[in-house]
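What follows is each chain in one-letter form.
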Amino acid sequence: MAESGEPKSSTADGAPSTETKIEPFRMPTVEEMRAQEVWNNCAIRSAFSGVVGGGLGIFMGFLLGALDNPLMHDPDMSAKKQFIFTAKQMGSRSWSNCKTFALMGLVFSAAECVIEKARAKHDVTNTAVAGCVTGGAMSARAGPQAACYGCAGFAAFSVLIEKFIDRHT
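Keep in mind the model is a prediction, meaning the values are calculated, not measured.

Explanation requested: the environment of Val-52 in the structure shown.
Looking at the secondary structure, you find Val-52 in helix α2 (residues 42-66). Distance in space between the C-alpha atoms of Val-52 and Cys-98 is 9.5 Å, their sequence separation being 46 residues.

Just to check I follow, could you spell out the side chain of Ser-139 for this structure?
With respect to the secondary-structure elements, Ser-139 resides in the loop between α4 (124-138) and α5 (144-165). Looking at Ser-139, its side chain comes within polar contact range of the main-chain oxygen of Ala-146, at 3.0 Å. Ser-139 has contacts with Ala-146, Ala-147 and Gly-150, leaving out every residue within four places of it along the chain.

In this structure, what is going on with the packing of α4 against α5? I would like to understand it.
Packed helix pairs are characterised by how far apart their axes lie and by the angle those axes make with each other. Contact geometry of α4 with α5 gives a least axis separation of 7 Å together with a crossing angle of 145 degrees. Handedness of the crossing formed by α4 with α5: right-handed. Only Ala-147, Gly-150, Cys-151, Phe-154, Ala-155, Ser-158, Val-159, Glu-162 and Lys-163 of α5 make contact with α4, whose side of the interface consists of Val-124, Thr-127, Ala-128, Gly-131, Cys-132, Thr-134, Gly-135 and Gly-136. Its residues assigned to classes, the contact of α4 with α5 shows eight nonpolar, seven polar and two charged.

Where do I start with the side chain of Ser-158 in this structure?
Within the secondary structure, Ser-158 sits in helix α5. Once residues within four sequence positions are removed from consideration, Ser-158 is found in contact with Phe-108, Thr-127 and Gly-131.

Teacher, can you tell me more about unusual backbone geometry here?
Glycine aside, residues mostly have negative phi angles, and peptide bonds mostly take the trans form. The phi dihedral of Ala-120 falls on the positive side, at around 60 degrees, and the residue is not glycine. Mapped onto the secondary structure, Ala-120 falls in the loop between α3 (79-119) and α4. Residue class for Ala-120 comes out exposed when judged on its relative accessible area of 67%.

Help me understand the UniProt feature "transmembrane region" (unreviewed entry) in the protein, please; the structure alone is not making it clear to me.
The sites that carry the UniProt feature "transmembrane region" (unreviewed entry) are, in the present numbering, residues 47-67. For residues 47-67, the end-to-end C-alpha separation is 30 Å, with 95% helix and 0% strand making up the annotated structure.

So what exactly am I meant to see when it comes to the packing of α2 against α3 here?
Close contact between α2 and α3 brings their axes to 5 Å; oriented N to C, the two are set at 155 degrees. Classified by the interaxial angle, the pair formed by α2 and α3 is roughly antiparallel. Remark: the crossing between α2 and α3 carries right-handed chirality. For the contact of α2 with α3, the per-class residue count stands at 16 nonpolar, 14 polar and four charged.

Would you mind going over α4 with me for this structure?
For α4, with 15 residues, the first-to-last C-alpha span of 21 Å sits near the 21 Å given by 1.5 Å per residue. What α4 keeps buried is the set Asn-126, Thr-127, Ala-130, Gly-131, Thr-134, Gly-135 and Gly-136. Elements that come into contact with the buried residues of α4 comprise α3 and α5.

Conventions adopted
- Residues numbered from 1 in each chain as written.
- Predicted model: local features only at pLDDT ≥ 70, side-chain atom pairs only at ≥ 80, totals over all residues.
- Heavy atoms only, no water.
- Helix = DSSP H or I, 4+ residues; strand = E, 2+ residues; numbered from the N terminus.
- Polar contact = N/O pair within 3.5 Å; in protein donor to acceptor, adjacent residues only side chain to side chain.
- Contact = heavy atoms within 4.5 Å.
- Axes fitted to C-alpha atoms, helices over the stretch in contact; angles between N-to-C directions.
- Left-handed = near helix turned anticlockwise from the far one by under 90°.
- Nonpolar A, V, L, I, M, F, W, Y, C, P; charged D, E, K, R; others polar.
- Buried < 20%, exposed > 50% of the residue type's maximum accessible area, 1.4 Å probe, protein only.
- UniProt positions renumbered as here; feature names shortened; annotations may be inferred.
- Parallel < 35°, antiparallel > 145°, perpendicular 65-115°, else oblique.
- Expected span 1.5 Å × (residues − 1).

Written out as C-alpha cells, the structure is:
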C-alpha cells in the first residue's frame, strides 16, 4: 500500500506506472451556454476590453502623473501650489491614458474577434494581424511610415505577449 492509501501499480519491468484518472464529461448548463454566447459577441467583448483598458489607463495616469516633478516647471512654488499642480497633472495624464488605452483595447479586441470569426481558427496569426491593425490605427495620424512601424511593432509585441502567455496550445 502507498502512503496515500491507494495501491501502487507497476509495469511489467517493475517500474511504477503513473495512472491518470479520467474525469467524467460534464455537459454545460444552460446558464453557462448563455454566458458563452454573450462573450462570443464581438461588440460585447470589444466594449468590455475598452472599459478595462480605460481603467488601466486611469491607473497608469495617476501613477505616472504623480511622478511628474513640479519644481522642474517653477522652482519657487509653494507646497500648496505643488500639490495643486501635481493633482492637475495626474488628472490630465489619467484622462489622456484612459482614452489611449481604451481605444487600444477596443480596436485590438474587435480586430482579433472579427479575424478569429472570419478564419474560424484560434491561433497566434489572429493576434499578429490584430496587433498590426491596432498599431497601424493608433499611429496613422503621424503618416504612412509611422503607421507601418506601428503595425510591425504592435504585431511583434502582441506575438511576444501571446507566446509568453501561451494561450493557443
